[in-house]
Every structure is written in structure tokens, then in C-alpha cells.
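# Reading the structure
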Amino acid sequence: DVKVTQSSRYLVKRTGEKVFLECVQDMDHENMFWYRQDPGLGLRLIYFSYDVKMKEKGDIPEGYSVSREKKERFSLILESASTNQTSMYLCAAREVGQPQHFGDGTRLSIL
Amino acid sequence: AQTVTQSQPEMSVQEAETVTLSCTYDTSESDYYLFWYKQPPSRQMILVIRQEAYKQQNATENRFSVNFQKAAKSFSLKISDSQLGDAAMYFCAYSGHNNNDMRFGAGTRLTVKP
């Protein structure tokens, strides 16, 4: 069974800080994703990556960047955190045509 | 970009009864995949059921079944014999056949009444 691990369940940071959210998968999947989940808006795609060092913008990439230096690890970076980035962040991994496997989510609060 | 619409923000059902959650999507592709995910309070997203668009037969997983209407671009989830453990947020999702990404609806919160 695919396991996707997010480094933190809860995280509190301050406005203006640089924030790193880490995600690791153990099944050698090509594709990895970062979503943001907000009430009434569902899951919105921030970025995804289909290979090492490759990335594609999703629907809401503004204020975020990503890094994929190794196949198993996909990091989401908030360059300068703002309060409107307080949210639940979900990482996922999949192969094309297959279901996504999700991590447990990181609830991020920006104060 | 493809869009997925779940028009029911909240639904409730009596234990042991049947409930149907609605989902529509917009796409110009002919081959794609559709999914229903469940997210209980524990936050873990769990795959409920998967449908391949080229298959006419509706997918079924135990008490969960779908009504896939390709022409209408509709993909509803039916939960039979509802149980208390079915209470969760349910998300409908779309993925193109050769696409890497997946698009989700806004979700439907299902409450199960004992």
C-alpha cells in the first residue's frame, strides 16, 4: 500500500516567515501534488510534479513554490507566509489513471 | 480546465437508509476517470470508488455504487444501508486519461442520524 507522509500534522508560523511543508512517498510514483483545502472550496491544486525537477502550476500557485530534488520528496514552500495562507494542506501521489494516495494533511496557521 | 461541481454542500440520512450524492463535471475529453473520496474527521482521504469513462457498467464497491451518465456528465454516488461510520465529507474528482492532475469538487458533508 502506498504511504504518503507529511512532516507535520499541525504547524503555526508567523507572517513573513518562510515555511516549508515536506511530503515523502514510498511507492516510486511519478506524480506528486500539493492541494489546499478550505471549507466550501474543496481541494484546490497548488502545484504538481510529474518528474524530478519538473513542476506545473495548478489553479492557485500564487505565493507558493515547490521543489522536487528526489523522486520520493515533494516540498511546498511559502516564500513569505501571509494570514490568507492559513489552511489545510494535502500532499498526494499517483500514477496516471490511478487513484491518488493522500497524506494525513498539515493544518497550517499563520499568525 | 475541467471543473467538478457538487451542488449539495450538506446531506443527511437516517441510519440504514439510502442516500445519493450528486456530482457533475465539465470536460471535452472522451476518456477519463472519475473518483469518489471520503474524508472522515480524521482527515485521511480514502478512495471510495473509481469509474473509467470508457466502461459503461457502473462501478460498485459493497454498499457504494455510482450512477455514471456520460452524456449528461453526471457521476452520482449511492450509499445503501447507511452506517454511522459513513459520516464524512465526500469529494468527487475527475482526471483525464493522459493527464497527471486531478480536479476535485467542493465536497458534500454527509451526516448519518441514528
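Reference entry: report on the structure contained in this document.

Procedures and definitions
- Every chain begins its residue count from 1, and numbering advances along the sequence as written.
- Chain labels run from A onward and ligand labels from 1 onward, assigned in the order the entries are written.
- It should be noted that, the model being predicted, local features are given only for residues of pLDDT at least 70 and side-chain atom pairs only at 80 or more, the latter also being counted only at that level, while totals for whole chains, interfaces and linings use all residues.
- As a rule here, side-chain values cover all heavy atoms of the structure and leave hydrogens and water aside.
- For this text, the term disulfide refers to a pair of cysteine sulfurs within 2.5 Å.
- Helix and strand assignments follow DSSP, with helices taken as H or I runs no shorter than four residues and strands as E runs no shorter than two, numbered in order from the N terminus.
- The buried label goes to any residue with under 20% of its type's maximum accessible area, the exposed label to any with over 50%, and the partly exposed label to all in between, with areas taken from a 1.4 Å probe on protein chains only.
- By the convention used here, strands pair only if DSSP detects at least 2 bridges between them.
- As used in this record, nonpolar core signifies buried Ala, Val, Leu, Ile, Met, Phe, Trp, Tyr and Cys residues forming a set joined through side-chain atoms within 4.5 Å.
- A contact between two residues is defined here by any heavy atoms of the two lying within 4.5 Å.

### Considerations on the state of the cysteines
What the rule picks out here adds up to two disulfides over all chains. Bridging Cys23 of chain A to Cys91 of chain A, the disulfide has an S-S length of 1.9 Å. Residues Cys23 of chain A and Cys91 of chain A share a disulfide whose torsion about the S-S bond is about -80 degrees; that sign makes it left-handed. Of the two residues, Cys23 of chain A is situated in strand S4 (residues 23-25) and Cys91 of chain A in strand S10 (residues 87-94); the sequence distance between them amounts to 68 residues. The exposure class assigned to Cys23 of chain A is buried, which follows from its relative accessible area of 0%. Shown here is the disulfide that connects Cys23 of chain B with Cys92 of chain B, its sulfur atoms set 2.0 Å apart. One quick way to see it: the torsion about the S-S bond of Cys23 of chain B and Cys92 of chain B is about -70 degrees, and its sign makes the bridge left-handed. Of the two residues, Cys23 of chain B is situated in the loop between strand S3 (19-21) and strand S4 (24-26) and Cys92 of chain B in strand S10 (residues 88-96); the sequence distance between them amounts to 69 residues. A single burial state applies to Cys23 of chain B and to Cys92 of chain B, both of which are buried.

### Observations regarding the pairing of strand S6 (residues 42-51) of chain A
Residues and elements named next belong to chain A. Most of S6 is tucked away: seven of the ten residues are buried. Examined bridge by bridge, strand S5 (residues 31-38) and S6 share seven bridges and lie antiparallel to one another. Across the sheet, the residue bridging to Gln37 is Leu43, located in S6. In this antiparallel pair of consecutive strands, S5 and S6, the connection spans three residues, and Gly40 shows a positive phi of 80 degrees. Pairing between S6 and strand S7 (residues 54-57): three bridges, direction antiparallel. By the bridge assignment for S7, Asp51 is matched with Met54. Turn length for the S6-S7 hairpin, with the two strands adjacent in sequence and antiparallel, is two residues, and the turn residue Lys53 shows positive phi of about 65 degrees.

### Remarks on the nonpolar core
Soluble globular proteins: nonpolar side chains tend toward being buried together. Tyr25, Trp36, Phe75, Leu77 and Tyr90 of chain B are the most contacted members of the largest nonpolar core, which has 25 residues in total. Taken together, the elements giving at least two residues each to this core come down to S3, strand S5 (32-39), strand S6 (46-52), strand S8 (64-69), strand S9 (74-79), S10 and strand S12 (108-113) of chain B. The element best represented in this core is S10 of chain B, accounting for four residues. What Tyr25 of chain B contacts, discounting residues up to four positions off in sequence, is Thr3, Val4, Tyr32, Leu34, Phe68, Gln69, Lys70, Lys73, Ser74, Phe75 and Tyr94 of chain B. With 21 residues, the next largest nonpolar core counts Ile60, Tyr64, Phe74 and Leu78 of chain A among its residues.

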